[in-house]
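Here is what each chain is made of, one letter per residue.
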Amino acid sequence: MTGKPDESEYEKLYLVARLVYNGEIEADKASAKLSGIIGSPDVYNKVIFAMYAGMKNGRVFQHSGGDESVVYFLRRIAQDDGPEALEKALNAVYGYTGFKGSVGCPMPELEDACDALKVIYGIHNAE
C-alpha cells in the first residue's frame, strides 16, 4: 500500500475487519495477512479493526483509518446490515468526530458525510 488505500483495498480491509469482529480470524494473523496482500502496516490494520468494532457496537473510537475509510465502512455496514446497524455506526462516528473536535481537530467534512448518509437511509434524530 503506497499512500491512501484504493477502493479494492478498502474492500479487503472491510472484509477482514468483519472477520476479526465476528471472531472468525485472530487479529494478529489477519493483520499479518493483510500486510502481505495490500502492504498496509500492522498498526493501521489494527486501527481499522478497532474502528470497525466501535462502529458495529455503537461505541466511540479514538483513531480511524481516515475519513474515506470511515465513509466506506459506513456505506458497507448500511448495505450489509441495514439502517439500524448504520444508525449505531453513525453514533460511533459522531462520537469520534466529537472527540477529535474536543482536542482541536474538528471534522466538518466527515460530519457532513454522516449527515448525508442519514438522509439517504432515512435515519432521523430522536427528538
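Source: prediction; values computed, not measured. (Residues numbered from 1 in each chain as written. Predicted model: local features only at pLDDT ≥ 70, side-chain atom pairs only at ≥ 80, totals over all residues. Heavy atoms only, no water.)

Colleague: Looking at this structure, I do not really get the packing of aromatic side chains. What am I missing?
Modeller: Pairs of aromatic rings are described using the distance from one ring centre to the other and the angle between the two planes. As enumerated under the stated definition, the model contains seven aromatic pairs in all. Between Y14 and Y52 the ring centres are 5.5 Å apart and the planes differ by 90°, which places this aromatic pair in the edge-to-face class. Here Y14, found in helix 1 (residues 7-21), pairs with Y52, found in helix 3 (residues 42-57); they are 38 residues apart in sequence, far enough to count as distant. Grouping residues by exposure puts Y14 and Y52 together as buried. Aromatic rings pair up to connect Y10, Y14, Y21, Y52, Y72 and F73 into one cluster. (Phe/Tyr/Trp six-rings, centres within 6.5 Å; stacked < 30°, edge-to-face > 60°. Helix = DSSP H or I, 4+ residues; strand = E, 2+ residues; numbered from the N terminus. Buried < 20%, exposed > 50% of the residue type's maximum accessible area, 1.4 Å probe, protein only.)

Colleague: What should I look at first to understand the environment of L34 in this one?
Modeller: By secondary structure assignment, the location of L34 is in helix 2 (residues 27-38). For L34, a relative accessible area of 2% corresponds to the buried category. As for L34 and V16, which are separated by 18 residues in sequence, their C-alpha atoms are 8.0 Å apart.

Colleague: Help me out: how do you make sense of the environment of F73 in this one?
Modeller: Tracing the sequence through the fold places F73 in helix 4 (residues 67-81). Since its relative accessible area comes to 0%, F73 is described here as buried. For the pair F73 and I48, spaced 25 residues apart in the sequence, the C-alpha separation amounts to 9.7 Å. Not counting the four nearest positions on each side in its chain, F73 is found in contact with Y10, L13, Y14, A17, I48, M51, Y52 and M55. (Contact = heavy atoms within 4.5 Å.)

Colleague: Any chance you could explain the packing of helix 4 against helix 6 (residues 108-120) here in plain terms?
Modeller: Angle between the axes and distance between the axes are the two parameters that describe a pair of packed helices. Closest axis-to-axis distance for the helix 4/helix 6 pair is 10 Å, and the angle between their directions is 10°. Between helix 4 and helix 6, the angle is such that the two are roughly parallel. Here the hand of the crossing between helix 4 and helix 6 comes out right-handed. Counted together, D67, V70, V71, L74 and R75 of helix 4 and L110, A113, C114 and L117 of helix 6 form the full contact between these two elements. In terms of residue class, the contact of helix 4 with helix 6 is built from seven nonpolar, no polar and two charged. (Axes fitted to C-alpha atoms, helices over the stretch in contact; angles between N-to-C directions. Parallel < 35°, antiparallel > 145°, perpendicular 65-115°, else oblique. Left-handed = near helix turned anticlockwise from the far one by under 90°. Nonpolar A, V, L, I, M, F, W, Y, C, P; charged D, E, K, R; others polar.)

Colleague: Whenever I open this one, the packing of helix 4 against helix 5 (residues 83-102) confuses me. Can you help?
Modeller: Across the interface, helix 4 lies against helix 5 with an axial gap of 7 Å and an inter-helix angle of 155°. As far as their axial angle goes, helix 5 and helix 4 are roughly antiparallel. Helix 4 and helix 5 meet at a crossing whose hand is right-handed. Taking contact as the criterion, the partners of V70, L74, I77, A78 and D81 in helix 4 are, on helix 5, P83, A85, L86, A89, L90 and V93. The residue inventory of the contact of helix 4 with helix 5, partitioned by class, reads ten nonpolar, no polar and one charged.

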